[in-house]
Amino acid sequence: MTPSPSPASPLVWTDINLVEEARTCLSAGGVRLIVRTDGSLDGLEQAEGVIAGSLLWGDAVLFDRFRRVQVFARSGIGYDRVDLEAATAAGVCIVNTPDAPTESTAEFAITLMLALARRLPHPTRALAAGTWTAGAAVIGTDLAGKTLGLVGCGRIGRRVAEIASALRMNVRVYDPFAVILPPGALGVPTLIELLAGADVISLHLPLSAATRRLIGAAELAWCKPGALLINTARGPLVDEAALADALQKGRLGGAALDVWDPEPPAVDSALCRLPMVIATPHMAAATDEGRRRSHTAAAEQVLEVLRGHQPASLLNPAVWPVRRISSGSGKVC
């Protein structure tokens, strides 16, 4: 029988409501759990592990203030709110759950493409306001035979390519990093060449200094007239003011944004109000299945570190020989 956590057991702190499977995993692993979803950091000073959502910053200030923390897990794939150098210097292991959101986010990106292609934003808003829309305003376009330009082709991008191929789209890929292209996809050497030839553009790159504002006014000017832009990756990949301008001037046919800069967007955001824009609140990975995968994987990796085992998704492997090790009496099963 697996022993229940005792008052001396290690503590894991989280700012998200973990699914029951993740809670059970942690309890069976012999750790206690404290949940703080009110924005406070109460209890973190006693925690050996952290499971963080997308809003908590993992920086030098946090790692210095909370010196018991050995492992900081991002429940998701993005870690642009984590300072890996500061974590390594502090001896804190950083892990994420890169496989968990793949299916959910890829399906959502395809959903947004279909919704834009069929011009759903305007008629659905009009009908909600009591207006029946017909004629040219509801004439959309098929995705079959159109060219999908993927900017980035990691786990999510490859899955998007697979689904798009099943829809009989022509898939083109630009990725500044070394990747193996999906079957049937064609690699494109420059971003400008990709943008100029794509009917639909879908962003799937991580946020970094090199990718911040990757899509700005100059890049949007190269897009095909009427092209559709999808962003389910990170908001700062796109210059939002330039995008709003391109949409208002009719250069693009529409945009679907699930991520923003900042999050949440300003209440007077021009993009949120444009009729050819689908605006969603960073929900691409938010499915029951995706949450279970992400929360459980985060819990498992936290337990691995607390047991003294190097986890599979350690983002700063240089920390392992110099990682923090608890001096307390609590022991993880």
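What you see is a predicted model, and the numbers here were worked out from it, not measured in a lab. Counting restarts for each chain, with residues numbered from 1 along the sequence as it is written. Restriction of local features to residues with pLDDT of at least 70 applies here, the model being predicted, together with a cutoff of 80 or more for giving and counting side-chain atom pairs; totals for whole chains, interfaces and linings are based on all residues. By convention in this description, side-chain values take in all heavy atoms of the structure and omit both hydrogens and water.

1. What to know about the packing of helix 1 (residues 20-28) against helix 11 (residues 288-306)
Applicable threshold: Angles shown run from 0 to 180 degrees and are taken between the N-to-C directions of axes, each axis being a line fitted to C-alpha atoms and, for helices, limited to the stretch in contact. In this text, helices come from DSSP runs of H or I with a minimum length of four residues, and strands from runs of E with a minimum of two, each type numbered from the N-terminal end. Here roughly perpendicular refers to angles of 65 to 115 degrees, roughly parallel to angles under 35, roughly antiparallel to angles over 145, and oblique to all remaining angles. The handedness criterion is simple: a crossing whose near helix is rotated anticlockwise from the far helix by less than a right angle is left-handed, and one whose near helix is rotated clockwise is right-handed. By the convention used here, residues are in contact when the closest approach between their heavy atoms is within 4.5 Å.
It is the contact of helix 1 with helix 11, at a shortest axis distance of 8 Å, that shows an interaxial angle of 15°. Of the possible angle classes, the one that applies to helix 1 and helix 11 is roughly parallel. When the axes of helix 1 and helix 11 are compared, the crossing they make is right-handed. Here Glu21, Ala22, Cys25 and Leu26 of helix 1 lie close against helix 11, whose contacting residues are Arg292, His295, Thr296, Ala299, Glu300 and Leu303.

2. A word on the sheet that holds strand 4 (residues 71-74)
As a reminder of what qualifies: A pair of strands is labelled paired if DSSP reports no fewer than 2 bridges between them.
One open sheet accounts for five strands, arranged 2-1-3-4-5; its pairing is parallel. Every interior strand has two partners, whereas the edge strands, strand 2 (32-35) and strand 5 (93-95), have only one. Going across the sheet, the axis of each strand differs from the next one's by a mean of 20°, ignoring polarity. In this sheet, strand 3 (residues 49-52) lies alongside strand 1 (residues 11-14) in parallel orientation, the contact comprising three bridges. If you follow Val12 over to strand 3, its bridge partner there is Gly49.

3. Considering the packing of aromatic side chains
Inclusion rule: To pair, rings of Phe, Tyr and Trp, with the six-membered ring standing in for Trp, must have centres within 6.5 Å; the planes then decide the type, stacked if under 30 degrees apart, edge-to-face if over 60, and tilted in the middle. Burial classification: accessible surface area is computed with a 1.4 Å probe over protein chains only, and a residue below 20% of its type maximum counts as buried, one above 50% as exposed, and the rest as partly exposed. For a ring to carry a charge above it, either NZ of a lysine or CZ of an arginine must fall within 6 Å of the ring centroid while also lying within 35 degrees of the normal to the ring plane.
Taken as a whole and assessed by the stated rule, the structure comprises one aromatic pair. Seen in terms of ring centroids, Phe63 and Phe72 are 6.0 Å apart; in terms of plane orientation they differ by 90°. Their pairing is edge-to-face. You'll find Phe63 and Phe72 in the same group, each marked buried. In this structure, Arg323 is placed above the aromatic ring of Trp320, and the distance from its NZ or CZ to the ring centre is 3.7 Å.

4. Some details on the pairing of strand 6 (residues 147-151)
Along strand 6, five of the five residues are buried, which leaves the element largely enclosed by surrounding structure. The two faces of strand 6 match: Thr147, Gly149 and Val151 on one face and Leu148 and Leu150 on the other face are all buried. As defined by bridge partners, strand 6 adjoins strand 7 (residues 170-174) across five bridges and the pair is classed as parallel. Across the sheet, residue Leu148 finds its bridge partner in strand 7, namely Val171.

5. A look at unusual backbone geometry
The omega torsion of the bond from Asp261 to Pro262 falls at 5°, within 30 degrees of zero and hence cis. Tracing the backbone shows Pro262 in the loop between strand 11 (252-257) and helix 10 (270-273). Geometrically, the link from Glu263 to Pro264 is a cis peptide bond, its omega value of -10° lying close to zero. Note on placement: Pro264 falls in the loop between strand 11 and helix 10. Positive phi outside glycine occurs at Arg119, with the angle close to 55°. Look at Arg119 and you get partly exposed, because its relative accessible area is 40%. The backbone of Arg213 sits at a positive phi, close to 55°, despite the residue not being glycine. Inspection of the secondary structure assignment puts Arg213 in the loop between strand 9 (200-203) and helix 8 (217-221). On the basis of relative accessibility, which here comes to 39%, the residue Arg213 falls in the partly exposed class.

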